[in-house]
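# Analysis of the macromolecular model
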Amino acid sequence: MSTELVLLALLMGAVTYPSRALPMLVPGIERLRPGALLYLRLVGPAVLASIAASETLVQGTADGSYALHLGIEALGVLACLGIVAWRRNLFLGLVAGVALVAILRAVGFG
């Protein structure tokens, strides 16, 4: 069993924790400008989106370079983005994206 994904999850939690913990650690943070509060609230989802896009859309080649890869994983990312934008629910988008890729793989695509 590989522990790479567990380590990645722990690393990402450590990286995004400071921005998520600011409201508990800094008194009066609610008095910041609305734009600053929105920025701090969206740091975590932005980091997750960038990781998902880079891991699914860019793949290494045999000669050590990287190439754009548009497969069923890209459809999962697009489905996730669409549902998150439509429903404003990250969990629902992630479940839908993973389910779409799992279904497509089960029926023989990819």
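Residues numbered from 1 in each chain as written. Predicted model: local features only at pLDDT ≥ 70, side-chain atom pairs only at ≥ 80, totals over all residues. Heavy atoms only, no water.

### Structural notes on the overall build of the chain
Test applied: Helix and strand assignments come from DSSP, with helices taken as H or I runs of at least 4 residues and strands as E runs of at least 2, each series counted from the N terminus. In this treatment the radius of gyration is a C-alpha quantity, and the globule benchmark scales as 2.2 Å times the residue count to the 0.38 power. Any residue under 20% of the maximum accessible area for its type is buried, any over 50% is exposed, and the rest in between are partly exposed; the area is computed with a 1.4 Å probe on protein chains only.
Within the chain one finds four helices and two strands. Along its sequence from the N terminus, the chain presents helices and strands in the succession α-α-β-β-α-α. Against the 2.2 N^0.38 benchmark of 13 Å for 110 residues, the chain shows a C-alpha radius of gyration of 17 Å, more extended than a compact globule. Across its three principal axes, the chain shows a C-alpha extent of roughly 55 × 35 × 30 Å. For the chain, with 110 residues in total, the buried portion stands at 15%.

### Things to note about the packing of aromatic side chains
Note the cut-off: Each pair of aromatic rings taken from Phe, Tyr and Trp, with Trp reduced to its six-membered ring, is defined by centres within 6.5 Å and is described as stacked if the planes are under 30 degrees apart, edge-to-face if over 60, and tilted in the remaining cases. Charge-over-ring placement is defined geometrically: NZ (Lys) or CZ (Arg) within 6 Å of the ring centre, and within 35 degrees of the ring normal.
Counted under the stated rule, the structure contains zero aromatic pairs. Positioned above the aromatic ring of W86, the side-chain terminus of R87 is 5.2 Å from the ring centre.

### Focus: the pattern of salt bridges
A side chain of one charge can pair with a side chain of the opposite charge if their charged atoms are brought near each other. Threshold: Any Lys or Arg side-chain nitrogen located within 4 Å of an Asp or Glu carboxyl oxygen qualifies as a salt bridge.
Using the criterion set out here, one finds one salt bridge in the structure. Measuring nitrogen to oxygen at the nearest pair gives 2.7 Å for the salt bridge that ties R105 to E73. Of this pair, R105 sits in helix α4 (residues 90-106) while E73 sits in helix α3 (residues 72-87); the two residues are 32 residues apart in sequence, bridging distant segments of the chain. Look at R105 and you get partly exposed, because its relative accessible area is 47%. Classification of E73 by relative accessible area gives partly exposed; the value is 22%.

### Overview of α4
Definition in use: The length a helix should cover is 1.5 Å for every residue beyond the first. Arc, as used here, means the arc of the directions from the helix axis to the C-beta atoms. Here a residue-residue contact requires only that any non-hydrogen atoms of the pair lie within 4.5 Å. Polar contact is the term for a pair of N or O atoms within 3.5 Å; when the atoms are in protein, one must be able to donate a hydrogen and the other to accept it, and sequence-neighboring residues count only if both atoms are side-chain atoms.
Across its 17 residues, α4 extends 24 Å between first and last C-alpha, which sits within 8% of the 24 Å expected from 1.5 Å per residue. Buried residues of α4: G93, G97, V101 and L104, and no others. All buried residues of α4 lie within an arc of 70° about the axis, which places them on one face of the element. Facing away from the buried side of α4 by over 90 degrees, the exposed positions are F91, V98, I103 and A106. Tucked into the core, α4 has its buried residues touching α3. At the N-terminal end of α4, a side-chain oxygen is found 3.1 Å from the backbone nitrogen of F91, two or three residues along, and the residue is N89.

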